[in-house]
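# Commentary on secondary and tertiary structure
Each chain, written out:
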Amino acid sequence: MDIHSHRPLFRRLVALALLLPLSVGSLQAQGAATSDTVRLTLDSCLSYAFGHNVTVQTALLQREAAASALTAARLSFTPSLSASVGEDITIFGGTTSANTSYGVGGSLVLFNGLQQVNNLRQSKVEQRRSDLAVDKSRNDIATEIVSACLDIMANSERLGYLRELQSTSQEQAEDGAAKMRAGSILESDWLMLDASSRKAACDVDNARLAIDAAAARLRVLLNLPGRVPIAIEALAADTALMALPSLDEVIRRASETLPDLQMADLAVQKAEYDLRMARGGYAPSLGLNAYASYFGGESYRTDASGMIVTNGGINTTLSMALSIPIVNRGNTRTRVAQAKLSLQQAQLDVDNTRQELVRTIEERYNTLCQARNTYAAARLMQQANEATLRVYQAKYNAGTVSTVELVQQQERYLTAVNDYVQSKYSCLLSQKILEIYTGAGL
C-alpha cells in the first residue's frame, strides 16, 4: 500500500511554480503553437499536474459535492415553505359557480431522534475527508510524476555516455576497416569492431525510445494535448548521498503528515454517526405544521335570479404531529446491526492503516539505504572502468592489446555505466518518495 500526502509540501511547490521563468499556465498553448521542445523542471511538472491532472480534478469535484451536501444538511434545520393558488369553475345543470383561493403553508421538524444533527456532523466529517482525499490524489500523482521525470533524467544522462561510446566505436570501426585493407589486422578483428559500433548505435536509439516512452507517460499525467515535445531539466545537484534522518524520525514525520491515518479516523467518526442515525429510528418524531389561506369568495349564476356572490375570508391552521414508531418489520433493528458492523470494520481499518504505514515507511527507508550503498559502489566502479577504458584505448592505438580485449573492456564499461545510472536514479526516486511521505527534504 502506498501512503502519501502532505499539504504544506504542495503549497511550497505551488509557490515555487509562480517564480519559475516558464509560464506553466500557457504550457498547452505553447505546445500547440510550436514544435519546439518545452523544457520543464520537476517542480513545475508537479505544480502543473496539481491543476490539470484528471485524477486530481476528479477529487476536487468530489470535494465540491461534499460541500454541497454540507450546505443541504445545514438547510435541513430551516422550515419548508410553499404557496398555492387555486381557481375552480363548476358547471352543474343550469348553474355555473366559480371560486378563487390563495394559500401559504410551512412545516418544521422539531425532533426526529437527532437525525438532522447527526447528519450535519457526518457531512462535516465527509467535507474534511474530501479535503484529505484531494491531498492524497495529488500525492499519488506526485509519485508517478517523480518516477516519470527521473526516468527521463536517467535515460538522458545515460544517452550522453552512450553517444560518446558510439562516437569512439564508430571511429574504431572506420580505422579498423582501413587497417584490414592494409593487412595489419584480421577480418575477424574488423568484424568485432564493426559489431561493437553497431551495438553502440542500437543502444543510443533504445535510450531515445526510453525517453520518448517516459515523456508520453508524463504527458498523460500532466494532461497535455497531443504529442507536445517535452524535456526535463536535470537536478541542480546530486543529493542522492546526503545525510538521512533516523528511521524513527521518518516514521514520526510520516504519521503526522500523511492523510491516511486521519482519513481512517474520520471513517470511524462517520460510522459512529451512521450508528446514531440508525438508532434514531427508535425515537419518536415531532413536527410543526402551519397553513394560512385566503378564500377569495364564490360566485354562481342561476337562470332565475342572476349573479349571487359569497364573500371570502382568511383561514389559518396550526398543527403539531407526534409520530411514535411501533413496528416497521425490523428495518430499524437491521440498520442498527449493519451500522455496528461498519463501525467495527472502520476501527479495524484504523489499526490496519497504522500498521501498513509503518511497514511501508520501513520498506521505503530500507530500500533507500540499499540504493545508497549500491549507488556509492556503482559510482566508484564506473569511474574505475572509465579510467581503465581510456588506458585500453591508448594501448590499442599503440598495438599492445588486441581488438577482443578492447571490445571486452568497452562492454565492461557499458555495464558499469548502466549500473551507475540505474542505481543513482533508483536512489533519487526512493529519496523523493520519502520526501513526499514526510513532507520535508531529507
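Preceding this paragraph is the structure being described.
In this report, the structure presented in the accompanying data block is examined. (Residues numbered from 1 in each chain as written. Predicted model: local features only at pLDDT ≥ 70, side-chain atom pairs only at ≥ 80, totals over all residues. Heavy atoms only, no water.)

### Details of the pattern of salt bridges
Definition in use: The term salt bridge refers to a side-chain nitrogen of Lys or Arg lying within 4 Å of a carboxyl oxygen of Asp or Glu. Every helix listed is a DSSP run of H or I at least four residues long, and every strand listed is a run of E at least two residues long, numbered separately from the N terminus. Buried means the residue's accessible area, taken with a 1.4 Å probe over protein chains only, is under 20% of the maximum for its type, while exposed means over 50%, and partly exposed covers the values in between.
Scanning all chains against the criterion turns up 21 salt bridges. Notably, a salt bridge pairs K270 with E126, separated by 3.1 Å at the nearest N-O pair. With K270 in helix α8 (residues 259-279) and E126 in helix α5 (residues 115-182), this residue pair connects regions lying 144 residues apart in the sequence. E386 is paired through a salt bridge with R390; the nearest N and O atoms lie 3.6 Å apart. With a gap of 4 residues between them, E386 and R390 both fall in helix α9 (residues 331-398), about one helical turn apart. Judged by relative accessible area, which is 25%, E386 ranks as partly exposed. In this structure, a network of salt bridges that share partners links the residues E249, R252, R253 and E256.

### So, the side chain of E356
Among the secondary structure elements, E356 is positioned in helix α9. In this structure E356 comes out as buried when scored by relative accessible area, which is 19%.

### Let's talk about the nonpolar core
Note the threshold: Put simply, a nonpolar core is a bunch of buried Ala, Val, Leu, Ile, Met, Phe, Trp, Tyr and Cys residues held in one set by side-chain atoms that sit within 4.5 Å of each other. Contacts are assigned to residue pairs that have any heavy atoms within 4.5 Å of one another.
Ranked by size, the top nonpolar core spans 69 residues in total, and within it I145, L218 and L222 carry the most contacts. Sort the elements by how many residues they give to this core and α5 lands first, with 15 residues. Excluding residues within four positions of it along the chain, I145 makes contact with L42, C45, L46, A49, L218, L221 and L222. Core analysis: the next-biggest nonpolar cluster, separate from the first, contains 10 residues, V268, A271, L275 and A339 among them.

### Examining helix α6 (residues 187-222)
Inclusion rule: By this rule the span expected of a helix is its residue count minus one, scaled by 1.5 Å.
The terminal C-alpha atoms of α6 lie 52 Å apart, and with 36 residues this matches the ideal 52 Å at 1.5 Å per residue to within 8%. Looking one or two residues past α6, N223 carries a phi angle of roughly 60°, positive in sign.

### Section: the packing of aromatic side chains
The test is simple: Aromatic rings from Phe, Tyr and Trp, taking only the six-membered ring of Trp, are treated as a pair when their centres fall within 6.5 Å; an angle between ring planes under 30 degrees marks them as stacked, one over 60 as edge-to-face, and anything in between as tilted.
For the structure on display, the rule yields 2 aromatic pairs. Residues Y161 and Y420 carry aromatic rings whose centres are separated by 6.4 Å and whose planes lie at 85° to one another, so their mutual orientation is edge-to-face. Of this pair, Y161 sits in helix α5 while Y420 sits in helix α10 (residues 403-438); the two residues are 259 residues apart in sequence, bridging distant segments of the chain. Looking at Y420, the relative accessible area reads 8%, which means it is buried. An aromatic cluster is present here, built from Y161, Y375 and Y420 joined pairwise through their rings.

### Structural notes on a nonpolar patch on the surface
How we decide: Patches here: salt-bridge-free residues with over 30% relative accessible area, like charges joined within 9 Å, nonpolar side chains (Val, Leu, Ile, Met, Phe, Trp, Tyr) joined within 5 Å. In this description, accessible areas are obtained by the Shrake-Rupley approach with a 1.4 Å probe, and a residue is regarded as covered only by the protein chains that are shown.
Residues V85, Y102, Y294 and I314 make up a contiguous nonpolar surface patch of about 460 Å² in total accessible area. Within the secondary structure, V85 sits in strand β2 (residues 80-92). With relative accessibility at 69%, the residue V85 sits in the exposed group.

So, to be careful, I would describe these as geometric facts and stop short of saying anything about function.
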